[in-house]
Amino acid sequence: MTDQRIIIEMGMGNDLHGMDYQKAAARAIEDAIRHSTLPIFQSIDLPSDQMRVKVTVAVQEPDQIDTDALTAGLPRGRASVHAVEGGLNVANPETGDTVVIATAAVEAFLPSQADRWALE
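About the thresholds
- Residues numbered from 1 in each chain as written.
- Predicted model: local features only at pLDDT ≥ 70, side-chain atom pairs only at ≥ 80, totals over all residues.
- Heavy atoms only, no water.
- Core = buried A, V, L, I, M, F, W, Y, C linked by side-chain atoms within 4.5 Å.
- Buried < 20%, exposed > 50% of the residue type's maximum accessible area, 1.4 Å probe, protein only.
- Helix = DSSP H or I, 4+ residues; strand = E, 2+ residues; numbered from the N terminus.
- Contact = heavy atoms within 4.5 Å.
- Polar contact = N/O pair within 3.5 Å; in protein donor to acceptor, adjacent residues only side chain to side chain.
- Expected span 1.5 Å × (residues − 1).
- Arc of directions from axis to C-beta.

With that settled, consider the nonpolar core. Ranked by size, the top nonpolar core spans 26 residues in total, and within it Ile 29, Val 55, Val 57, Ile 65 and Leu 70 carry the most contacts. Looking at this core, the elements that each hand over two or more residues are helix H1 (21-34), strand S2 (52-59), strand S3 (78-85) and strand S5 (98-110). Aside from chain neighbours lying at most four places away, what touches Ile 29 is Val 55, Leu 70, Leu 74, Ala 104 and Val 106.

In structure tokens form, the structure reads like this:
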């Protein structure tokens, strides 16, 4: 059977002055991860390497993203990061700075756990 998604979390990150897409993307991923916890691993004694983690990060210039570096920073599971066009750049005409805003979706998948759960 295919994996089943058990969680999806969204996050937002930015870089205010450096126009650094990598920094904004890392902050968006961190923001998404901070909003979740997965007690299932302790509850049913499931090794975290059973989890597949799919991260999609969106910025205006996805070719500026080092997806391997972002993948290496993820704490658990078999992870992959994909960069797509999205996010937002906001220019400040008074200073010439551009704020980079990134968004991220972090999805976690497990093999079916149907045989480990029972409704009573």
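Before going further, it helps to spend a moment on the side chain of Asp 15. With respect to the helices and strands, Asp 15 occurs in strand S1 (residues 4-15). Assessed through its relative accessible area of 5%, Asp 15 is described here as buried. Separated by 2.8 Å, the side chain of Asp 15 and the backbone nitrogen of Asp 20 make a polar contact. Here Asp 15 is in contact with Asp 20, Lys 23, Ala 24, Arg 27, Thr 98, Val 99 and Val 100, once residues within four sequence places are set aside.

Our next topic: unusual backbone geometry. Both trends apply: most residues other than glycine have a negative phi, and most peptide bonds are in trans. Positioned with a positive phi, Met 19 is a non-glycine residue whose angle comes to about 50°. Topologically, Met 19 is positioned in the loop between S1 and H1.

With that out of the way, let us pick up H1. The first and last C-alpha atoms of H1 sit 20 Å apart over 14 residues, in line with the 20 Å expected at 1.5 Å per residue. Among the residues making up H1, those that are buried are Tyr 21, Ala 24, Ala 25, Ala 28, Ile 29, Asp 31 and Ala 32. Angularly, the buried residues of H1 cover 160° about the axis, an arc narrow enough to put them on a single face. The secondary structure elements touched by the buried residues of H1 are S1, S2, helix H3 (67-72), strand S4 (88-91) and S5.

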